[in-house]
Amino acid sequence: MSGVEHLHELLGLPAVDFRCETGGAARPAAGEAAWRLRVDPYDDAGNHTWEQEFDAFLDAVDPAGVRALIIGQWGESYEADSSFPIGLVVAAADRLTSLEAVFVGDLEMEEAEISWIEQSDVTALLAAFPGLTELGVRGGTGLAFPPVSHASLRALTIESGGLPAEVVRGVVDSELPALERLELWLGVSAYGGSTSPADLAPLLSGTRFPRLHHLGLCNSELQNEIAAAIASAPVVARLRTLDLSSGTLGDEGAAALLEGQPLTHLGALDLHHHFLTEPMERRVSDELVPHGVRVDLSERCEPWGGRGAAGRYTTVAE
């Protein structure tokens, strides 16, 4: 789970850990922080549950003013799935009347590997909060995202070491007319990733999500195939930023991108963590940077064990 850490912000608000006891220090106003709630199941001094922590939070911070909520460790996350904390948040919808953003599963490696995080049907949050504009999820195990209609959601991020195809199809089949930013970490088959370029076809056709201007299809062992699909995808023409980072992209995928439709209208192209050769790095830069495209080619990687393409790896898997 390298490269994954606790959120520093959500909805542009700084992430603040809620604590029942502040030691006399003043808390931020309810709407001035992205409140993170988490409990350590191995902390003998704590002796409280996520439910107790959430109840204390609702009592201590004006819930009607809360704009952003981060669901951190809710116990032994590989045993109890996220329907537990999600259900508590949904049940408090009549009190969390200003909630705009939720992130589910803000755990680092020391708390749980990303593949150990047991998720659930996160669309319950969209049904309960029609004003939600941002939803983020970490972990693909047990994750469900049946097609949903939501008029307000502008940003959706799903971070995973292996994203099931049915989740991607649920996202793509959803009615999200306000969606501007979509980021999917597709992962590897060894950890449940089963998404193929065919599953992405409706998204890449440009017929979905009319306001989309940022697309991230990241952390994939099929990054070359995705790059080839992107090369002729109609959706690219209206994007401002494109993220194909953290996967197994090699010269063949980069060449497909450059030989496809023009990318010079982009403001940024993120390819960091890649397996490009130096000549291909120069070619990408020479063809795009003079047009004002900010290209991130950092973190050139070498295949494991000198195994060539078979030794390429994603940033996040287990």
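Structure's up top.
Think of each chain on its own: its residues are numbered from 1, step by step along the sequence as written. Local features in a predicted model are, by the rule used here, given only for residues with pLDDT of at least 70; side-chain atom pairs are given and counted only at 80 or more, and totals for whole chains, interfaces and linings are based on all residues. Hydrogens and water are ignored here; the side-chain numbers use all heavy atoms of the structure.

> Could you clarify how one ought to interpret the packing of helix H1 (residues 50–60) against helix H2 (residues 83–91) in this entry?
Packed helices, taken two at a time, are described by the angle between their axes plus the distance between the axes. Every angle, taken between N-to-C directions, lies between 0 and 180 degrees, and every axis is a line fitted to C-alpha atoms, over only the stretch in contact when it is a helix. Only DSSP runs of H or I covering at least 4 residues are called helices, and only runs of E covering at least 2 are called strands; the numbering of each starts at the N terminus. Two elements in contact, H1 and H2, have axes whose closest approach is 10 Å; the angle formed by their N-to-C orientations is 25 degrees. In terms of axis orientation, H1 runs roughly parallel to H2. For H1 against H2, the interelement crossing comes out right-handed. In contact with Trp50, Glu51 and Phe54 of H1, H2 contributes Phe84, Pro85, Leu88 and Val89. Here the residues of the contact of H1 with H2 are counted per class, giving six nonpolar, no polar and one charged. Roughly parallel means an angle under 35 degrees; roughly antiparallel means over 145; roughly perpendicular covers 65 to 115; every other angle is labelled oblique. The handedness criterion is simple: a crossing whose near helix is rotated anticlockwise from the far helix by less than a right angle is left-handed, and one whose near helix is rotated clockwise is right-handed. By definition, residues are in contact when any of their heavy atoms lie within 4.5 Å. Gly is placed with the polar residues, together with every amino acid not listed as nonpolar (Ala, Val, Leu, Ile, Met, Phe, Trp, Tyr, Cys and Pro) or charged (Asp, Glu, Lys and Arg).

> What is the right way to read the pairing of strand E8 (residues 181–187) from this model?
The two faces of a sheet get side chains in turn, since along a regular strand they alternate between them. Relative accessible area decides the class of each residue, using a 1.4 Å probe on protein chains only: under 20% of the type maximum gives buried, over 50% gives exposed, and in between gives partly exposed. Burial of E8 is extensive: six of the seven residues sit out of reach of the surface. In this description, strands pair whenever DSSP reports at least two bridges between them. Bridge count for strand E7 (residues 155–159) against E8 is four bridges, and the pairing is parallel. Residue pairing in the sheet places Ala155 in a bridge with Arg181 of E8. When the strands point away from the viewer, a crossover counts as right-handed if the route from the first strand across the helix to the second turns clockwise. Handedness of the β-α-β unit built from E7, helix H4 (residues 165–172) and E8 comes out right-handed. In the sheet, E8 pairs with strand E9 (residues 214–220) via six bridges, with the strands oriented parallel. Its bridge partner being in E9, Arg181 is matched across the sheet by His214.

> I would appreciate a short explanation of the packing of aromatic side chains in the present structure.
The way to describe two aromatic rings as a pair is by their centre distance and the angle between their planes. Here a pair means two rings of Phe, Tyr or Trp (six-membered ring of Trp) with centres within 6.5 Å. Their orientation is stacked below 30 degrees between planes, edge-to-face above 60, and tilted elsewhere. Inspection of the entire model under this criterion finds six aromatic pairs. Pairing Phe18 with Phe57 gives two aromatic rings, centres 5.3 Å apart and planes at 80 degrees, and the pair type is edge-to-face. You can see Phe18 sitting in the loop between strand E2 (13–17) and strand E3 (34–39) and its partner Phe57 sitting in helix H1, a full 39 residues away along the chain. Look at Phe18 and you get buried, because its relative accessible area is 4%. Among the residues examined, Phe57 registers a relative accessible area of 0% and is labelled buried. Seen in terms of ring centroids, Phe275 and Tyr313 are 5.3 Å apart; in terms of plane orientation they differ by 90 degrees. Their pairing is edge-to-face. On the criterion of sequence distance, the pair formed by Phe275 in the loop between strand E11 (268–270) and helix H8 (278–288) and Tyr313 in the segment after strand E12 (294–296) is long-range, its members being 38 residues apart. Owing to a relative accessible area of 6%, Phe275 belongs among the buried residues under this scheme. Pairwise contacts between aromatic rings join Phe18, Trp35, Trp50, Phe54 and Phe57 into one cluster. The ring of Phe209 has Arg208 sitting right over it, with the charged end atom 5.8 Å from the ring centre. Whether a charge sits over a ring depends on NZ of Lys or CZ of Arg being within 6 Å of the ring centre and within 35 degrees of the ring normal.

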